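Okay, here's what each chain looks like letter by letter:
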Amino acid sequence: MVLRIDIDKKISEANDQIAERIRSKLKEYNIPMVDIMGSVGSGKTSILEYFSKKYENTRKLLVINGDLATDIDAQRISQFGSTCIQINTGRGCHLFAFQIETALKSVDLNDFNFIFVENVGNLICPSSTDVGAGIKLVVTSVTEGPYVFRKHPITFKMGNLAVLNKIDLASIMEINVNSIIFGANELYPQLPIIPTSTKTGEGMDTLAKKIGLE
Ligand SMILES: Nc1nc2c(ncn2[C@@H]2O[C@H](COP(=O)(O)OP(=O)(O)OP(=O)(O)O)[C@@H](O)[C@H]2O)c(=O)[nH]1
Ligand SMILES: [Mg+2]
């Protein structure tokens with residue numbers, strides 16, 4: 001006799017239950033949570049540094065950082081007044097909802113009014129695991145080349161919002177930002193895409209408004 005146990009399905013169902021529990025908890029407290037996903041080096045932490053600086057005196061930001069190792073990102077962001085919790089996943093290529101729930105239990109939610117998750121840097125794994133966020137923000141950048149939107153259909157279909165970051169480098173990378181966004185809009189008509197630069201600040205107010213920070 002062969003018994004088959006679909007472990008993947010069970011893990012994913014258990015994860016989704018925890019993600020729903022997180023969503024209802026945050027709704028109770030009226031705290032939005034954004035899950036930031038994107039390739040290594042696309043600018044996830046830089047966006048969080050930018051917002052932490054800009055909203056230091058007006059917002060109470062909690063950031064949960066996922067990385068294989070080190071607390072570099074949490075240290076970078078916490079310089080600007082945000083509270084950061086670093087989760088090291090070892091070999092794990094994405095965060096699970098149970099890790100977010102554990103992190104949230106370690107703080108008093110009354111102390112915060114906006115939460116970001118910086119997921120582990122890659123454009124593949126994080127999109128398939130719900131961490132309980134209301135918005136899934138996909139961060140990509142012009143230095144990743146012109147084909148990134150076409151090559152990662154699942155991630156961009158799962159996302160609610162995307163950013164094309166580092167547009168200050170577009171000409172040096174020989175990237176036509178408008179044509180990339182035009183192509184991506186055709187592929188993912190449901191996905192708003194905001195061109196940004198954390199260096200010049202271009203597009204950052206639009207992004208802040210879109211996620212409800214402003
Ligand atoms: N020119 C330019 N550089 C940027 C921009 N945003 C981020 N960078 C640079 O890109 C590099 C990587 O940025 P990070 O914010 O650390 O990227 P990340 O997505 O958090 O990377 P991981 O956490 O390692 O996945 C840094 O050297 C940033 O200064 C931008 O808009 N323009
Ligand atoms: Mg980072």
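Structure: above.
Figured I'd write up the structure that's included with this text. (Residues numbered from 1 in each chain as written. Chains lettered and ligands numbered in written order. Predicted model: local features only at pLDDT ≥ 70, side-chain atom pairs only at ≥ 80, totals over all residues.)

1. Here we look at the overall build of the protein chain
When helices and strands are counted, the protein chain shows eight helices and seven strands. Across its three principal directions, the C-alpha atoms of the protein chain cover 60 × 50 × 30 Å. In the protein chain, buried positions account for 40% of the 214 residues. Long-range contacts, defined here as pairs at least 24 residues apart, represent 72% of the contacts in the protein chain between residues at least 6 apart. (Helix = DSSP H or I, 4+ residues; strand = E, 2+ residues; numbered from the N terminus. Buried ≥ 20, exposed ≤ 12 C-beta atoms within 10 Å, placed from the backbone. Contact = placed C-beta atoms within 7 Å.)

2. Examining the pairing of strand β3 (residues 83–88)
As defined by bridge partners, strand β2 (residues 61–67) adjoins β3 across six bridges and the pair is classed as parallel. Its bridge partner lying in β3, isoleucine 64 is registered against isoleucine 85. Following the backbone out of β2, through helix α3 (residues 72–78) and into the adjacent parallel β3, one traces a crossover that is right-handed. (Pairing = 2+ DSSP bridges. Right-handed = clockwise from strand over helix to strand, strands pointing away.)

3. Overview of the nonpolar core
If you look at the biggest cluster of nonpolar residues, it comprises 49 residues, and the most contacted ones within it are Val63, Ile100, Phe116 and Val117. Every residue in contact with isoleucine 100, bar those within four places of it in the chain, is listed here: Ile22, Ile64, Leu95, Val117, Val131 and Gly132. (Core = buried A, V, L, I, M, F, W, Y, C linked by C-beta atoms within 7 Å.)

4. Notes on the site of ligand 1
The full set close to ligand 1 counts 17 residues, and Gly43, Lys44, Thr45, Ser46 and Gly121 are the nearest of them. Tallying contributions element by element places helix α2 (residues 44–54) first for the shell around ligand 1, with three residues. The residue inventory of the shell around ligand 1, partitioned by class, reads two nonpolar, 10 polar and five charged. (Near = placed C-beta within 6 Å. Nonpolar A, V, L, I, M, F, W, Y, C, P; charged D, E, K, R; others polar.)

5. What about the sheet that holds strand β1 (residues 33–38)?
Taken together, seven strands build an open sheet; the order of strands is β3-β2-β4-β1-β5-β6-β7 and the sheet is parallel. On the outer flanks of this sheet lie β3 and β7 (193–195), each paired with one strand and no other. Neighbour to neighbour, the strand axes of the sheet diverge by 20° on average, direction disregarded. Sheet contacts for α2: β1, β2, β4 (114–118) and β5 (135–141); angle to β4, the most-contacted strand, approximately 160°. Along the sheet, helix α4 (residues 97–105) contacts β2, β3 and β4; its crossing angle with β3, the most-contacted strand, is approximately 140°. (Axes fitted to C-alpha atoms, helices over the stretch in contact; angles between N-to-C directions.)

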